[in-house]
Amino acid sequence: MKILVNAALPYANGPIHLGHVAGAYLSADIFVRFQRMNGHEVMFVCGSDEHGTPTTISADRQKVSPREIADRFHQEHNESFRNLDIEFDIFSRTTYPEHAETVKEFFLDFYNKGLLQEKSMVSPFCPTDNRFMPDRYIEGKCPHCGFEEARGDQCDNCGRILDPQDLISPKCALDATPPEFRATKHMFFRLDEFQENLLKWLDKKTFWKQNVLSFTRNFIKGGLKERPITRDIEWGVPVPLPGYEHKRIYVWFEALIGYVSGAKILSERKGKKDFWKEFYFDPEVPMYHFMGKDNIIFHTIIWPAMLMAREKYNLPYMVVANEFLTFSGKQFSKSRGIGYSVDDILKIAPKDYVRYYLASIMPESSDADFDIEEFQSRVNAELIDKYGNYIHRLVSFINNNRLSISSSETFLDGRDREAMEYAAERIRNYRELMEKVEIKKAMAEWLELVKYANSYFNESEPWKLIKSDPDRCKSKLYTSLVLAQYITALSYPLMPSAAEKIMNIIGSSKFSNEGFTNGLFRREGSEFKPTKTDPPFQKLDIIKENPNFVDLRVGRIVEARPHPNADRLYVLKVNLGDSDIQLVAGLRKHYTEEDLMGHYIVVVNNLKWAKLRGEESQGMLLAADDGETVALITPKGNEIKPGDPVFIGEFGYNDGGKIEIDQLKGLDIKMSRDDGNIIATAVLEGKRMPLKIGLHDLATSREVREGATVR
């Protein structure tokens, strides 16, 4: 049986973080490995979405070309996925020429069928840059749910598709200026033509997650509208029509076609040009799509409509949309730097541990929170104490007693057969849940079998039987080895590297002859030659005592006035999100009042209050001084909010209470060079660490020299 699995194309604008992994890529990889174990032929496609405006926004901010951003993060994403054992058959690029050709093929086919129509529309225009702004460059308040950071094309909170004009108080993501709205001509895709066919198609999807199905139905019943398919931008796939030379095909349309172009490129690499057609044109081949819930509409409405328009293409069989993974209650975010990137988490924990924990909290039906303490405790208590310890005890006992265990020498009694029947039931449950892509529940079945195997081994008491009944002892150990083989086979989709290692430890002949196949779930023909070795897992120890005694927070200056009694001082009103504080700062020689207004700064929020020339200062802001230039430490990122915590390395504030200025000086905060950039750092427990907001290091609003003192 052939199966097509497509994972949503990540934007090439920042590192892959654990929110992405839990939202789409880990569940897709687990599902693919499970299907291949069952002997199915799977085509697993993903790639970089390089023409999305997140890429151009990053390029604008860094003053480099979009191609430089795309090249950098395509390579980084590829490595991050590989480092986490997520293996696509192809990780394609939307900048490949083959992709552009496939997009033009779709576009012209729709144009010739009368499914594209030229219309005038109103788009945001930046008078400062004298150009139309893509929808994602505009941010504001969502009119539906009130989310303050909705984008011009979609609200990440409620998932609704938006128009920049829909936003309340829209502003440019680059400089926060309000856009003008001007008329411009574009080609529109007649999405409305597919409304009835989409509803009929959805009638057959009763096995989908209820949230996906309900959300899609409600959206369609609200009435589908024509949707623009081109945009005013220079980065992207050119529009193959005269008069559209300075426009590009809209990325929402173009990136979806990356699934097809990726399959085509893979086929060319295999030397079978039409291989992709076996997956897209054969109605017996199911197509699975994996993505986060913010991508539902594109895969349950727009993409199916596009495939309907091509007529001979299969439609998605299942759309698997996970909810969000949060970090300390906040949504993981590239741009805001919240949570762990893949590279960051792999510096402190092995990949199998990360895959295990994410699978165990997979946000399949509701949002889940990544908790570093729970991560450590569950890995140690479940993966190591139950699974790893079972394998080590079993193999060590066999090797220490120099036993040879053969199926031809064993006889299963009623208790052993009961164990095999119990395992068979758990395996059936596990497989049924995996087929429905309910990975968290499938993993729970696996864990129950691990617990049962431990109980069986303990109940068998081989350390007694080896003296009183050696033959019965071998039978019990053989049954335990079979259970170990079952458990390890079930663990393979979840933790492929660990599973391979443990199969070699227990010396499974089936694994050495066949690899990870369905045959591992059968007792017949199983033989073992266990290898004496260290325990397969080591305890995770990443929770450290928190030495950070300083409460650093993002603040936004909302008022600046000269100090009435000091020529060098300002009195500032600073918003910290849920409250305002007053600071006195010696900045009048370095910044004007206009410079300071709206400026984002870093505030020491737990410094003991003091009166400076009669004005109360309720904290302190951080600024760097290299002897010539004084520059504010400035948080960057379009999603940074007042009140956001600033970390020193991996340590947030430890709630230690108020501090004196001399304690703050002990941190020796200064500007240090790191990978070519000059960033703010501090010393904790003798180690210099960067000041960070999530994944982002902190720099200054003006250029200062390395070694500048922060005060």
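Fair warning: this is a prediction, and the values are worked out from it, not measured in the lab.

Definitions and limits used
- Residues numbered from 1 in each chain as written.
- Predicted model: local features only at pLDDT ≥ 70, side-chain atom pairs only at ≥ 80, totals over all residues.
- Heavy atoms only, no water.
- Helix = DSSP H or I, 4+ residues; strand = E, 2+ residues; numbered from the N terminus.
- Areas by Shrake-Rupley, 256 points an atom, 1.4 Å probe, with all protein chains shown as cover.
- Lys, Arg positive; Asp, Glu negative; His and termini not counted.
- Charge placed at Lys NZ, Arg CZ, Asp CG, Glu CD.
- Buried < 20%, exposed > 50% of the residue type's maximum accessible area, 1.4 Å probe, protein only.
- Pairing = 2+ DSSP bridges.
- Patch = residues over 30% accessible without salt bridge, like charges linked within 9 Å, V, L, I, M, F, W, Y side chains within 5 Å.
- Salt bridge = Lys/Arg side-chain N within 4 Å of Asp/Glu carboxyl O.
- Bend = angle between axes of the 7 residues up to and from the residue.
- Polar contact = N/O pair within 3.5 Å; in protein donor to acceptor, adjacent residues only side chain to side chain.
- Contact = heavy atoms within 4.5 Å.
- Axes fitted to C-alpha atoms, helices over the stretch in contact; angles between N-to-C directions.
- Core = buried A, V, L, I, M, F, W, Y, C linked by side-chain atoms within 4.5 Å.
- Parallel < 35°, antiparallel > 145°, perpendicular 65-115°, else oblique.
- Left-handed = near helix turned anticlockwise from the far one by under 90°.
- Nonpolar A, V, L, I, M, F, W, Y, C, P; charged D, E, K, R; others polar.
- Expected span 1.5 Å × (residues − 1).
- Arc of directions from axis to C-beta.
- Phe/Tyr/Trp six-rings, centres within 6.5 Å; stacked < 30°, edge-to-face > 60°.
- Lys NZ or Arg CZ within 6 Å of the ring centre and 35° of its normal.

> Requested: an account of the overall build of the chain, with residues and values cited.
Helix and strand counts for the chain stand at 21 helices and 33 strands. Projected onto its principal axes, the C-alpha coordinates of the chain cover approximately 95 × 70 × 40 Å. Here the chain displays about 29,800 Å² of accessible surface, and carbon together with sulfur accounts for 45% of that area. In the chain, the 95 positive side-chain charges and the 104 negative ones have mean positions that sit 1 Å from each other.

> Just give me the short version of unusual backbone geometry, but keep the residues and values in it.
Despite not being glycine, Val437 has its phi angle at roughly 55 degrees, a positive value. With a phi angle near 50 degrees, Glu461 is a residue other than glycine that sits in the positive phi range. Considering the arrangement of structural elements, one finds Glu461 in the loop between helix H15 (439-460) and helix H16 (462-468). A relative accessible area of 30% means that Glu461 is categorised as partly exposed.

> Give a detailed account of the pairing of strand S2 (residues 41-48), specifying residues and quantitative values.
With 7 of 8 residues buried, S2 lies mostly within the body of the structure. Across 4 bridges, the pairing between S2 and strand S3 (residues 90-93) is parallel. Along S3, the bridge assignment pairs Cys46 with Phe91.

> Describe a negative patch on the surface, with residues and values.
Taken together, Asp369, Asp371, Glu373 and Glu374 make up a surface patch of like negative charges. Structurally, Glu373 is set in helix H13 (residues 372-400).

> Describe H13, naming the residues involved and giving the relevant values.
Maximum bend of H13: about 35 degrees, positioned at Ile384. Between the side-chain oxygen at the start of H13 and the backbone nitrogen of Glu373 there is a gap of 3.0 Å, and the oxygen is on Asp371.

> How would you summarise the environment of Arg415 if you had to cite specific residues and measurements?
Within the secondary structure layout, Arg415 lies in helix H14 (residues 414-435). With 55 residues separating them along the chain, Arg415 and Ser360 place their C-alpha atoms 31 Å apart. Arg415 has contacts with Tyr452, Tyr456, Glu459 and Lys476, leaving out every residue within four places of it along the chain.

> Can you explain the sheet that holds S2? Please cite residues and give values.
In spatial order, the strands read S3-S2-S1-S13-S14; together these 5 strands make up an open sheet with parallel pairing. Here the strands that pair on one side only, and so sit at the sheet edges, are S3 and strand S14 (318-322). Strand-to-strand twist across the sheet, computed as the mean angle between neighbouring axes with direction ignored, equals 20 degrees. The pairing of strand S1 (residues 2-7) with S2 spans 5 bridges and is classified as parallel. By the bridge assignment, Ile3 is partnered in S2 with Val42. Sheet contacts for helix H3 (residues 66-83): S2 and S3; angle to S3, the most-contacted strand, approximately 170 degrees. Of the strands in this sheet, strand S13 (287-292) and S14 are in contact with helix H10 (residues 296-310), which crosses S13 at around 145 degrees.

> Go over the pattern of salt bridges with me, naming the residues and quoting the values.
In the structure shown here, the tally under the stated rule is 49 salt bridges. Across the pair Lys293 and Asp367 runs a salt bridge whose closest N-O atoms are separated by 3.5 Å. Placement of Lys293 in the loop between S13 and H10 and of Asp367 in the loop between helix H12 (351-360) and strand S17 (368-370) is noted, with a sequence separation of 74 residues between them. Take Asp367: its relative accessible area is 41%, and that puts it in the partly exposed class. Among the charged side chains, a network of salt bridges with common partners joins Glu105, Asp109, Lys113, Lys264, Arg310 and Glu311.

> Lay out the side chain of Asp109 in plain terms, naming residues and giving numbers.
Along the chain, the position of Asp109 falls in helix H4 (residues 97-112). Here the side chain of Asp109 touches Lys113 through a polar contact of 3.0 Å, side chain to side chain.

> Provide a residue-level description of the pairing of strand S21 (residues 600-604), including the pertinent values.
Across the 5 residues of S21, 4 count as buried, placing the element largely inside the fold. Where S21 lies against strand S24 (residues 620-621), 2 bridges are found, and the strand directions are antiparallel. Bridge assignment links Val603 to a residue of S24, and that residue is Leu621.

> Quick rundown of the environment of Glu432? Include the residues and the values.
Structurally, the position occupied by Glu432 is in helix H14. For Glu432, a relative accessible area of 51% puts it in the exposed group. When the C-alpha atoms of Glu432 and Ser341 are compared, they prove to be 32 Å apart, with 91 residues separating the residues in sequence.

> Give a detailed account of the sheet that holds strand S8 (residues 168-172), specifying residues and quantitative values.
With antiparallel pairing, the 3 strands of this open sheet are ordered in space as S7-S6-S8. Two strands bound the open sheet, and with one partner strand each, they are strand S7 (150-151) and S8. Relative to S7, strand S6 (residues 138-141) runs antiparallel, the two sharing 2 bridges. Among the inter-strand pairings, Glu139 is bridged to a residue of S7, identified as Arg151.

> Please give an account of the nonpolar core that cites residues and values.
Soluble globular proteins: nonpolar side chains tend toward being buried together. Grouped together as the largest cluster of nonpolar side chains are 172 residues, with contacts concentrated most on Phe189, Met306 and Phe375. In terms of residues, this core owes the most to one element, helix H1 (residues 18-37), which gives 12 residues. Not counting residues within four places of it along the chain, the set of residues in contact with Met306 comprises Phe106, Phe110, Phe189, Trp252, Phe253, Leu256 and Ile257. Formed by 48 residues, the second largest nonpolar core is a distinct cluster that contains Ile601, Leu622, Ile669 and Ala682.

> Outline the side chain of Ser58, supporting the account with residue identities and numerical values.
For Ser58, the location among the structural elements is in helix H2 (residues 53-62). Judged by relative accessible area, which is 12%, Ser58 ranks as buried. Separated by 3.0 Å, the side chain of Ser58 and the backbone oxygen of Pro54 make a polar contact. Ignoring sequence-local partners within four residues, the contact set of Ser58 consists of Asn13 and Ile69.

> How would you explain the packing of helix H17 (residues 470-491) against helix H18 (residues 496-506) if you had to name every residue and give the values?
Running from N to C, H17 and H18 point in directions that differ by 165 degrees, and their axes come no closer than 9 Å. As judged from the angle between their axes, H17 and H18 are roughly antiparallel. Relative to H18, the crossing made by H17 is left-handed. The segment H17 lies against H18, with Leu481, Ala484, Gln485, Thr488, Ala489 and Ser491 engaging Ala499, Ile502, Met503 and Ile506. Partitioned by chemical class, the residues of the contact of H17 with H18 number 7 nonpolar, 3 polar and no charged.

> Summarise helix H6 (residues 210-221); cite the residues concerned and give the values.
Here H6 is 12 residues long and its end C-alpha atoms lie 16 Å apart, about the 16 Å a rise of 1.5 Å per residue gives. Of all the positions in H6, only Val212, Leu213, Thr216, Arg217 and Ile220 are classed as buried. Looking straight down H6, one finds its buried side chains confined to an arc of 120 degrees; they lie on one side. Those residues of H6 that are exposed and angled more than 90 degrees off the buried face are Gln210, Asn218 and Lys221.

> Before we move on, can you summarise the packing of aromatic side chains with the specific residues and values?
This model, assessed by the stated rule, comprises 43 aromatic pairs. Between Tyr387 and Trp446, the aromatic rings sit 5.3 Å apart at their centres with planes inclined by 85 degrees, giving edge-to-face as the arrangement. Here Tyr387, found in helix H13, pairs with Trp446, found in helix H15; they are 59 residues apart in sequence, far enough to count as distant. Here Tyr387 matches Trp446 in class, with each residue buried. The ring centre of Phe106 lies 4.5 Å from the NZ or CZ of Arg310, which sits over that ring. Positioned over the ring face of Tyr591 is Arg702, at 3.7 Å from the centre of the ring.

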